[in-house]
Amino acid sequence: MGRMGTPISAKRRPSSAAGERPAAGRPERFPVGLLAVALVAALGLALSGFLNRALRQARYAAAITVPVAPSPGYAYLQLAERKGLAHARRLALVAVPVRDPQEIVRGYLEGRFAIAPLTTVEALQICRLQPKRCPRPVLILEESRGADKVVVRPSAVNLEGLRGQKVAVVPSSLGPFLLGRALATAGMSLGDVTMVPAPPDAMARLLHRGEVEGAALYVPYSEHATRLGTSQVVFDSTQIPGEITVVLAADPQLLRSQPEAVAWLLRVWQDAHDWAGRHRQEAAELLGENQNLSASAMRRAEAGLLVVPLSDQLPLLRPGGRLQAQILQVRRQLTMLGLLPAASPLPAVDDGPLIRALAIR
């Protein structure tokens, strides 16, 4: 207390000199005007983010990411993205280019992809490694009718000439599967050759240099190998109909969480084929670009593939239908080749997304 009845807080204090910092422990007052500006700015940013999200949600009904490798069956998904066909259906489609299908298998196993184009051989391989994420086929992208080939150098002459020789294969079950099925027609097995794991885009060069005597290839790389004139076809997938089929397969969790997005994707895939039918030359050029093929070579490559329209796939995808029977047959062959245990789980075909897609107009 100062004078009687006058509290110290009421005494007049000398003002601080200009530039002098406030005493320690005494909080500096934040100007009310600046606080209001900061609050308004923060509110504006929050509102802007909310509006942007709302606009994106209004623009797209669904969003999905799909890996694509150089191959006709995969390329139509990339074509859909490139020509804005997915955008027209309000689907935010991201087609992620990869070097070869084995990268897709790894990406699915690592959880980077929840839906992917896979051969039935690859789907079975994934089911063995991760039964809980066993991919479910929801669409047939293509069936190989001659597009997958085993080729040999002139020095080998035929399949029998591969005995004891090096043969290039894609480092997954598909390469050994194709080679094993070919060798069986000549009374041979995989133990009769030395398999050399190689990326598909290197095989034509390996054949040309004589580093391998043969190779198991699929389009577009089978086209590349025969185009160089240093190899000849001795076996193709016409001899094993239905055994090399590319399906669009999804993680069961994705089918539970985003069934509409998967259905829209199926519809957009059909839109891409419809667009290609109306613009044949441009489509052949665009699809060929992704695979280092001319438009004419692209047409030849597609001649070895069977594509079934969306509207005709329901009988094939029904439980117990043709696709399920083909998968069972492939597992049987993989087991006989020693590439898969007999008790490996089977991918369960799911026709739910197709039924939803067929309802979209």
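These lines cover the structure that appears in this document, whether it is placed above or below. Along each chain, numbering runs from 1 in the same order as the chain's sequence is written. Selection of residues for local features in this predicted model requires a pLDDT of at least 70, selection of side-chain atom pairs for listing and counting requires 80 or more, and totals for whole chains, interfaces and linings are taken over all residues. Side-chain calculation: all heavy atoms of the structure are included, whereas hydrogens and water are not.

This brings us to the packing of helix α10 (residues 259-278) against helix α11 (residues 280-289). Where α10 meets α11, the closest approach of the two axes is 5 Å, and the angle between their N-to-C directions is 120°. In terms of axis orientation, α10 runs oblique to α11. Contact with α10, carried on its side by W275, A276, G277 and R278, involves R280, E282, A283 and L286 of α11 and no other residues of that element. Side-chain classes follow a simple rule in which Ala, Val, Leu, Ile, Met, Phe, Trp, Tyr, Cys and Pro form the nonpolar group, Asp, Glu, Lys and Arg form the charged group, and the remainder, Gly included, forms the polar group. Its residues assigned to classes, the contact of α10 with α11 shows four nonpolar, one polar and three charged. Note on geometry: axes are lines fitted to C-alpha atoms, helical ones only across the stretch in contact, with angles between N-to-C directions running from 0 to 180 degrees. Secondary structure follows DSSP: runs of H or I at least 4 residues long count as helices, runs of E at least 2 residues long count as strands, and numbering of each begins at the N terminus. Here roughly perpendicular refers to angles of 65 to 115 degrees, roughly parallel to angles under 35, roughly antiparallel to angles over 145, and oblique to all remaining angles. Only heavy atoms matter for contacts: two residues are in contact if any of them lie within 4.5 Å across the pair.

Our next topic: the sheet that holds strand β7 (residues 194-197). The strands that make up a sheet pair up through hydrogen bonds in the backbone, lying either parallel or antiparallel. A strand pair is defined by DSSP finding two or more bridges across the two strands. Pairing is mixed in the open sheet, where five strands are placed in the order β7-β6-β8-β5-β9. On the outer flanks of this sheet lie β7 and β9 (232-236), each paired with one strand and no other. Averaged over all pairs of adjacent strands, the angle between their axes in this sheet comes to 25°, without regard to strand direction. Pairing geometry for strand β5 (residues 149-152) and β9, over four bridges, is antiparallel. Residue pairing across strands places V152 opposite Q232, the latter belonging to β9.

Counting buried positions over the 11 residues of helix α6 (residues 174-184) gives 10, a clear majority of the element. Note on classification: 1.4 Å probe, protein chains only; a residue is buried when its accessible area is under 20% of the maximum for its type, exposed when over 50%, partly exposed between these limits. Those residues of α6 not exposed but buried are L174, G175, P176, F177, L178, L179, G180, R181, A182 and L183.

Among the residues making up helix α4 (residues 101-109), those that are buried are P101, Q102, I104, V105, G107 and Y108. In the core, the buried residues of α4 are packed alongside β1 (62-68), α2 (72-82), β3 (115-119), α5 (120-129), β10 (245-250) and α9 (252-257). Throughout this description, a polar contact denotes any pair of N or O atoms lying within 3.5 Å of each other; where both atoms belong to protein, one of them has to be capable of donating a hydrogen while the other can accept it, and for residues adjacent in sequence the pair is counted only when both atoms sit in side chains. Two or three places before Q102, at the start of α4, stands the capping residue D100, its side-chain oxygen 2.7 Å from that residue's backbone nitrogen. Positive backbone phi, at 85°, marks G111, one or two positions downstream of α4.

Another point: the packing of aromatic side chains. Stacked, edge-to-face and tilted labels apply to pairs of Phe, Tyr and Trp rings (six-membered ring for Trp) whose centres lie within 6.5 Å, assigned for plane angles under 30 degrees, over 60, and everything in between, in that order. According to the stated counting rule, one finds zero aromatic pairs in the structure shown. By the criterion adopted, a ring carries a charge over it if an Arg CZ or a Lys NZ lies within 6 Å of its centre and within 35 degrees of its normal. Sitting above the plane of the Y108 ring, R133 keeps its charged end 4.2 Å from the centroid.

A few words on the nonpolar core. Residues belong to one nonpolar core when they are buried, are Ala, Val, Leu, Ile, Met, Phe, Trp, Tyr or Cys, and are joined through side-chain atoms within 4.5 Å. Formed by 93 residues in total, the largest nonpolar core has its most connected members in I64, I115, L179, L248, L265 and L266. For this core, the element with the most residues is α10, which contributes 10 residues. Setting aside anything within four residues of it in sequence, one finds I115 in contact with I64, T65, V66, P67, L248, A249, A250, L254, V262 and L265. The next biggest cluster of nonpolar side chains, apart from the first, holds 14 residues, and it includes V151, L206, Y218 and Y221.

Before going further, it helps to examine the sheet that holds β3. Read from one edge to the other, the open sheet built from four strands follows the order β3-β10-β4-β11, with strand pairing classed as antiparallel. Edge positions in the open sheet fall to β3 and β11 (305-306), since each of these has one partner strand only. Lying over the sheet, α5 contacts β3 and β10, oriented at roughly 115° with respect to β3.

Helix α12 (residues 295-303) packs onto α11 with a crossing angle of 90° between their chain directions and a minimal axis gap of 8 Å. Accordingly, the angle class assigned to the pair α11 and α12 is roughly perpendicular. For the pair formed by α11 and α12, the contact residues are R280, Q281, A284, E285, L287 and G288 on the first element and A295, M298, R299 and E302 on the second. Looking at the contact of α11 with α12, its residues break down into four nonpolar, two polar and four charged.

Right, let's talk about the state of the cysteines for a bit. Cysteine sulfurs are considered disulfide-paired once they come within 2.5 Å of each other. Across all of its chains, the model carries one disulfide by this definition. What pairs with C127 in a disulfide is C134, and their sulfur atoms sit 1.8 Å apart. Judged by the sign of its S-S torsion, about 70°, the bond between C127 and C134 is right-handed. By the burial criterion, C127 is buried, and C134 matches it.

Remember, this is a structural readout, not a statement about activity or role.
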